[in-house]
Amino acid sequence: MPVFLQETSAFTTLGHCAADFSCNGQLSSIEMDKDDQRKSNIHGHINLQNYQDGFGENYGRWSCGCQKLGELLEQCRQASIGNSNWMQFIYDSHEYFGSEIHWIPRLHHIHWNGQIVFDCDVHVVVYETPRFGVHHFLLCFGSSSEQVKNPLMKPKWVDELHQKQSLLDLDAVILAINSSNAAKIFFDRNVRPKRSSVQFPIVCMFSALIWNLLAISVASFSTLFYIILQLLSHFASYGSESWICIILAKAFCNTWKNIRIRCCQILYWPIFLGGDYHRSLSCVEYAEKAALHRHAMWSCIVVDVFLGSLIGLALLFHAESACLCVLKFAHNITNNLLRSGCVWLMGVPAGFKLNTELAGILGMISFNAIQIWSTLWFHMGFLFIYFIKGLAISGIILGVTIPAALMIDMIALATLHVSSVNWFLSLLYSLQIQALAALWRLFGGRKWNPLRRRLDSYDYTVEQHIVGSLLFTPLLLLLPTTSVFYIFFTILNTTICLLCILVEITISIIHATPYSKIFLWLMSPRRFPSGTWLEIISSQSNAIDSPEIGCLNEIGSPSTGTQQRKDSSERRSSVLVSFLRSNLSNIGQILLPHYKNMFSGVCGSFITSSARGLLTGRRMPSTLGTGLPAPMPWMSIPYKEYWRLCRDSVIACMQNPEHHLIQ
């Protein structure tokens, strides 16, 4: 059992359940046809014929109504009455409650702390035994112990409610229900006769042969990738300290990060698939989580490579058309937007009268940077077709996330002239804003204290005021010219950054999406519960005729028991029967925790801080900082061991279908 269940649960005998008694104290005869008897035995209900055969002759009953049992069970009953409690249930086999429920017990009496209690309300909860691959119960989606942020102000009755001790630990109850099938499997394995599960040996042998061939093929293909990755790793380790490798690592940081993630996934997928999760098999909920965790990595690789193959093949067959379209788009952007924009800014943009000299200087600097970079790309344009083909091949081999990350780095590299001009203008604009703010504080007699980070009063001299006035006027008059250039190139750079952020979010979504959960949710939604509820089946009140004489061999005097039963004669107890049901999770509840974890590293005030930074001359970040899979250490084992590990992991899925996700 799980450790939490071991600490909160114990095996005990609660009482005895028998058929309704007749007036002479004998068990009532139960008439069942063969079909009902077969169903009763299958579902684990009591078979009265087997019951009577197991206990031999009927032992009668005590005066309180308890059925006399065998020697061993009678000792257990006496010990339970003396130390704890004992419950006696009866049922009527002629009642019909539906196809899922055959008999419902009715409380006869309870021995509670030495007293016999007849007037009790009973709530019978019927549930389907949770099984791996079928369904299980869950209090809420995720973890029932997940802490929720409390509001700042809450009423006092909330604190008082939390201080009260709960009558029932629902976490332990649900965990015990989810672990009930493990006890049933253990019982069937040791008690029931073993039957041969192989009905078609030829079909089983053929399927085993096909599965072994599949395991060998997957292991060989993965080992080939493993050898190539190890060779590339040894080759890259020799020149990792050179300045060329350092520059390339910074220029293609996104590509390098995603390549390392994909390489680690290729190295570690057999370890995750063949992991030992036997501790979690006793609880269906834990077994489901372990199976989903086991199959998460390889399913992500398969979907990523599948999407990369689709896009890569389409791009490979239309490489020339894609190359011409990209070059034409870049040429139009350079001529119609950048060059024309610089000329427009050096004139009268939108009717603003700018400083001609400053506008000419800033326009020529921007125009020359654009001209130099466009000329360089024009001479390197013949290599672009090979870049498109390499992008397609990398998507086919490593998945769509690698070319997507390479696109981010190439966009940043291709627009380096725009980002450089924007960096220069933002620096000029920021210094001008800071100078104007400092001069404005000079006129107000205040000075910024960087140590205490506050404004302090300060007495400036007349000379300082004169110099401040001479500097404030030209800076203020030149601010519109600088602002127009800064706004134009900031809009261009922000558009490029947003495009890179969009591709980055796409990569993170591909990594974070639980494909195995989506597939299983489409096939069997019951495997993803989200809360429980009780379906009321019946509610009735039953009259209980209490005995008139004392119960022998019971704790307490007979006269006391007789007086209590006389007072409680002809009382009525209500019986409520309900079925434990589960709410099913929708696709949003399954995906939302993964996407929340993906955006957990993103600052909540990203938009506010970016807007404030743009107004003050600070550059907008080119990455959002969404979450990616955690990097794993590089693994290096012998090739034969890795091949055997891959093969055994795939074969284990067939040999132990109950322990794995695929059944």
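Residues numbered from 1 in each chain as written. Predicted model: local features only at pLDDT ≥ 70, side-chain atom pairs only at ≥ 80, totals over all residues. Heavy atoms only, no water.

Glancing now at the side chain of His16. Within the element layout of this structure, His16 appears in strand S1 (residues 15-19). Side-chain polar atoms of His16 contact the side chain of Gln88, separated by 3.5 Å. (Helix = DSSP H or I, 4+ residues; strand = E, 2+ residues; numbered from the N terminus. Polar contact = N/O pair within 3.5 Å; in protein donor to acceptor, adjacent residues only side chain to side chain.)

Residues annotated in UniProt with the feature "transmembrane region" (unreviewed entry) correspond here to residues 202-229, 296-319, 358-378, 390-414, 420-440, 460-479 and 485-510. Within the segment residues 296-319, helix and strand shares are 96% and 0% respectively, and the terminal C-alpha atoms sit 33 Å apart. Annotated as 100% helix and 0% strand, the span residues 420-440 places its first and last C-alpha atoms 30 Å apart. (UniProt positions renumbered as here; feature names shortened; annotations may be inferred.)

Taken N-terminus to C-terminus, the directions of helix H10 (residues 253-273) and helix H11 (residues 284-317) make an angle of 140 degrees; their axes are 9 Å apart at the nearest point. Classed by the angle they form, the pair H10 and H11 counts as oblique. Here H10 and H11 pass one another in a crossing that is left-handed. Contacts between H10 and H11 pair Arg262, Gln265, Ile266, Tyr268, Trp269, Phe272 and Leu273 from the former with His293, Arg294, His295, Met297, Trp298, Ile301 and Asp304 from the latter. Counted by class, the contact of H10 with H11 contains eight nonpolar, three polar and three charged residues. (Axes fitted to C-alpha atoms, helices over the stretch in contact; angles between N-to-C directions. Parallel < 35°, antiparallel > 145°, perpendicular 65-115°, else oblique. Left-handed = near helix turned anticlockwise from the far one by under 90°. Contact = heavy atoms within 4.5 Å. Nonpolar A, V, L, I, M, F, W, Y, C, P; charged D, E, K, R; others polar.)

Ordered by their spatial adjacency, four strands build an open sheet running S1-S2-S3-S4, and the pairing between neighbours is mixed. Each edge of the sheet is formed by a strand with only one pairing partner; in this case those strands are S1 and strand S4 (115-117). The average angle at which neighbouring strand axes cross in this sheet is 15 degrees, direction not considered. One ladder, built from six bridges, connects strand S2 (residues 85-91) with strand S3 (residues 106-112); its direction is antiparallel. Directly across from Trp86, in S3, lies its bridge partner His111. (Pairing = 2+ DSSP bridges.)

Our focus in this paragraph is the pattern of salt bridges. Counted under the stated rule, the structure contains eight salt bridges. Note that Glu128 is salt-bridged to Arg526, the shortest N-O span being 2.8 Å. In this pair, Glu128 sits in the loop between strand S5 (122-126) and helix H5 (156-163) while Arg526 sits in the loop between helix H18 (515-523) and strand S8 (529-544), placing the two residues 398 residues apart along the sequence. By relative accessible area, Arg526 is classed as partly exposed at 36%. With a closest N to O distance of 2.9 Å, Arg527 and Glu288 form a salt bridge. Of this pair, Arg527 sits in the loop between H18 and S8 while Glu288 is found in helix H11, placing the two residues 239 residues apart along the sequence. (Salt bridge = Lys/Arg side-chain N within 4 Å of Asp/Glu carboxyl O. Buried < 20%, exposed > 50% of the residue type's maximum accessible area, 1.4 Å probe, protein only.)

The next thing to look at is the environment of Trp298. You can see Trp298 is positioned in helix H11. When its relative accessible area of 30% is taken as the criterion, Trp298 is described as partly exposed. As a C-alpha pair, Trp298 and Tyr268 span 30 residues in sequence and 9.2 Å in three-dimensional space. Here Trp298 is in contact with Trp269 and Leu273, once residues within four sequence places are set aside. Within polar-contact distance, the side chain of Trp298 engages the side chain of His295 at 2.9 Å.

Turning to the pairing of S2, a few remarks are in order. Counting buried positions along S2 yields five of seven residues, so the element is predominantly enclosed. In terms of strand pairing, S1 meets S2 through five bridges, oriented parallel. Across the sheet, residue Cys17 finds its bridge partner in S2, namely Phe89.

Let us now look at helix H14 (residues 384-398). In this model H14 runs 21 Å from its N-terminal to its C-terminal C-alpha over 15 residues, within 8% of the 21 Å that 1.5 Å per residue would give. A positive phi of about 110 degrees marks Gly399, the residue just after H14. (Expected span 1.5 Å × (residues − 1).)

Right, let's talk about a nonpolar patch on the surface for a bit. Among the surface-exposed residues, Ile361, Ile365, Trp423, Phe424, Leu427 and Leu431 lie close enough to one another that they form a single nonpolar patch of about 570 Å² accessible area. Secondary-structure elements contributing two or more residues to the nonpolar patch are helix H13 (356-379) and helix H16 (416-443). Counting residues per element, the nonpolar patch draws most heavily on H16, at four residues. Residue placement: Leu431 occurs in helix H16. (Patch = residues over 30% accessible without salt bridge, like charges linked within 9 Å, V, L, I, M, F, W, Y side chains within 5 Å. Areas by Shrake-Rupley, 256 points an atom, 1.4 Å probe, with all protein chains shown as cover.)

Below, the discussion takes up the pairing of S3. Burial of S3 is extensive: five of the seven residues sit out of reach of the surface. Judged from the three bridges that link them, S3 and S4 form a sheet pairing that is antiparallel. Bridged to His111 within S4 is Ile116. What sits between the antiparallel neighbours S3 and S4 is a turn of two residues, in which Asn113 has the positive phi angle 55 degrees.

Counting 24 residues, the largest nonpolar core has Leu345, Leu425, Phe485, Phe489, Leu492 and Ile507 as the members making the most contacts within it. Within the residue set of this core, elements represented by two or more residues are helix H12 (319-346), H13, helix H15 (401-414), H16 and helix H17 (462-512). Here the element with the most residues in this core is H17; it accounts for nine residues. If we ignore the near neighbours within four places in the chain, the residues touching Leu425 are Leu362, Phe485, Tyr486 and Phe489. (Core = buried A, V, L, I, M, F, W, Y, C linked by side-chain atoms within 4.5 Å.)

Moving on, we come to the side chain of Ser309. Residue placement: Ser309 occurs in helix H11. Assessed through its relative accessible area of 18%, Ser309 is described here as buried.

Applying the stated rule across the entire model yields 11 aromatic pairs. Measuring from ring centre to ring centre gives 5.9 Å for Tyr226 and Tyr639, while their planes differ by 80 degrees; the resulting arrangement is edge-to-face. Remark: Tyr639 occurs in helix H22 (residues 639-655) and Tyr226 occurs in helix H8 (residues 201-238); sequence separation between them is 413 residues. Classification of Tyr226 as buried rests on a relative accessible area of 0%. (Phe/Tyr/Trp six-rings, centres within 6.5 Å; stacked < 30°, edge-to-face > 60°.)

Turning next to the packing of H17 against helix H20 (residues 587-598). One way to put it is that H17 packs onto H20 with a least axis distance of 10 Å and a crossing angle of 135 degrees. Relative to H20, H17 is oriented oblique. Here H17 runs over H20; the crossing is right-handed. Between H17, through Ser508, Ile509 and Ala512, and H20, the contact on the second element is made entirely by His594, Tyr595 and Met598. Its residues placed into classes, the contact of H17 with H20 shows four nonpolar, two polar and no charged.

On to the environment of Asn368. Mapped onto the fold, Asn368 is located in helix H13. Asn368 sits 49 residues away from His417 along the chain, and the two C-alpha atoms are 9.8 Å apart.

Looking at the chain as a whole, its pLDDT mean stands at 77, while 77% of the residues score no less than 70. Taken together, the stretch residues 142-151 has pLDDT below 50 and engages in three contacts with residues farther than four places along the chain or on a different chain. Contacts of residues 544-570 to residues separated by more than four positions or lying in other chains number 45 contacts, the stretch itself having pLDDT below 50. (pLDDT = per-residue confidence, 0-100.)

By the definition in use, this model includes zero disulfides. The thiol of Cys264 is unpaired, and the distance to the nearest cysteine sulfur, on Cys263, comes to 7.0 Å. Residue Cys264 is classed as buried on the basis of its relative accessible area, which comes to 2%. (Disulfide = S-S within 2.5 Å.)

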